[in-house]
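Residues per chain are reported as follows:
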Amino acid sequence: MSLHEKLSKLEGLSTHWQQLRRRGLLLMSTGAILAFASVADPKLTVMHGDDFSLLPLCGIVIMTIGLLECFDAYIAKESKDFLFNLQTGLLDVVVAFLIIFSLGDNPSKLSSLIAAFLITN
């Protein structure tokens, strides 16, 4: 089997377009809220643990998307869709859990975790 044939099998992931549209609207609205929050308060920081921070909100968004991916894995009809959505969902949930619940420590320690998460996603 050639490389082209192997990669063409990935085109048939059965995620419905309505689910993708809802997820896209959720991400766009959250991004708009975060952009508006940064414009409304220019002193707002993302990686600061003492004052108001956007980091917990970003962690909650990532957790929501991870749970949606896990739900997509639950309703998947084929095993390839199940495995694809489950690994993505679990990565999102674990990273979001670490972001949300490690804010008591120094948040600058999370920068390598967030960078690795963004590279893999």
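Note that this is a predicted model, so its numbers are computed, not measured. (Residues numbered from 1 in each chain as written. Predicted model: local features only at pLDDT ≥ 70, side-chain atom pairs only at ≥ 80, totals over all residues. Heavy atoms only, no water.)

### Some details on the overall build of the chain
For the chain, the count of helices and strands is five helices and zero strands. Along the chain, helices and strands appear, N-terminal first, in the series α-α-α-α-α. A burial count over the chain gives 26% of its 121 residues as buried. In the chain, the proportion of contacts linking residues at least 24 apart, taken out of those at least 6 apart, comes to 60%. (Helix = DSSP H or I, 4+ residues; strand = E, 2+ residues; numbered from the N terminus. Buried < 20%, exposed > 50% of the residue type's maximum accessible area, 1.4 Å probe, protein only. Contact = heavy atoms within 4.5 Å.)

### Re the packing of helix α3 (residues 55-74) against helix α4 (residues 79-101)
With their axes 7 Å apart at the nearest point, α3 and α4 run at an angle of 160° to one another. Judged on the interaxial angle alone, α4 and α3 are roughly antiparallel. For α3 against α4, the interelement crossing comes out left-handed. (Axes fitted to C-alpha atoms, helices over the stretch in contact; angles between N-to-C directions. Parallel < 35°, antiparallel > 145°, perpendicular 65-115°, else oblique. Left-handed = near helix turned anticlockwise from the far one by under 90°.)

### Examining α4
An ideal rise of 1.5 Å per residue puts 33 Å on 23 residues; α4 measures up with 32 Å between its terminal C-alpha atoms. Buried residues of α4: D81, N85, G89, D92, V93, V95, A96 and I99, and no others. (Expected span 1.5 Å × (residues − 1).)

### Section: the packing of aromatic side chains
Under the criterion given, the structure shown has one aromatic pair. An angle of 55° between the planes, with centres 4.7 Å apart, marks the rings of F97 and F101 as tilted. Of the two residues, F97 and F101 both sit in helix α4, four residues apart, roughly one turn of that helix. Of the residues examined, F101 reaches a relative accessible area of 59% and is grouped as exposed. (Phe/Tyr/Trp six-rings, centres within 6.5 Å; stacked < 30°, edge-to-face > 60°.)

### A short note on the nonpolar core
Core analysis: the largest hydrophobic core is formed by ten residues, namely L55, I62, M63, V93, V95, A96, I99, L110, I114 and F117. Residue assignment for this core shows that the elements contributing at least two residues are α3, α4 and α5 (111-120). The greatest single-element share of this core, amounting to four residues, is contributed by α4. I62 has contacts with D92, A96, I99 and F117, leaving out every residue within four places of it along the chain. (Core = buried A, V, L, I, M, F, W, Y, C linked by side-chain atoms within 4.5 Å.)

### Comments concerning the pattern of salt bridges
This structure, assessed with the given rule, holds one salt bridge. Between K80 and E78 there is a salt bridge, and its shortest N-O distance comes to 3.8 Å. Under the relative-accessibility criterion, K80 is labelled partly exposed at 34%. E78 sits in the partly exposed class, given a relative accessible area of 41%. (Salt bridge = Lys/Arg side-chain N within 4 Å of Asp/Glu carboxyl O.)

### With respect to the environment of I60
As for its position among the elements, I60 is in helix α3. When its relative accessible area of 48% is taken as the criterion, I60 is described as partly exposed. Each C-alpha atom of the pair I60 and V93 lies 9.4 Å from the other, and the pair is 33 residues apart in sequence.

### A look at the confidence of the model for the chain
When pLDDT is averaged along the chain, the result is 75, and 71% of the positions lie at 70 or above. When mean pLDDT is compared element by element in the chain, α4 scores highest at 86, while helix α1 (residues 3-8) scores lowest at 54. (pLDDT = per-residue confidence, 0-100.)

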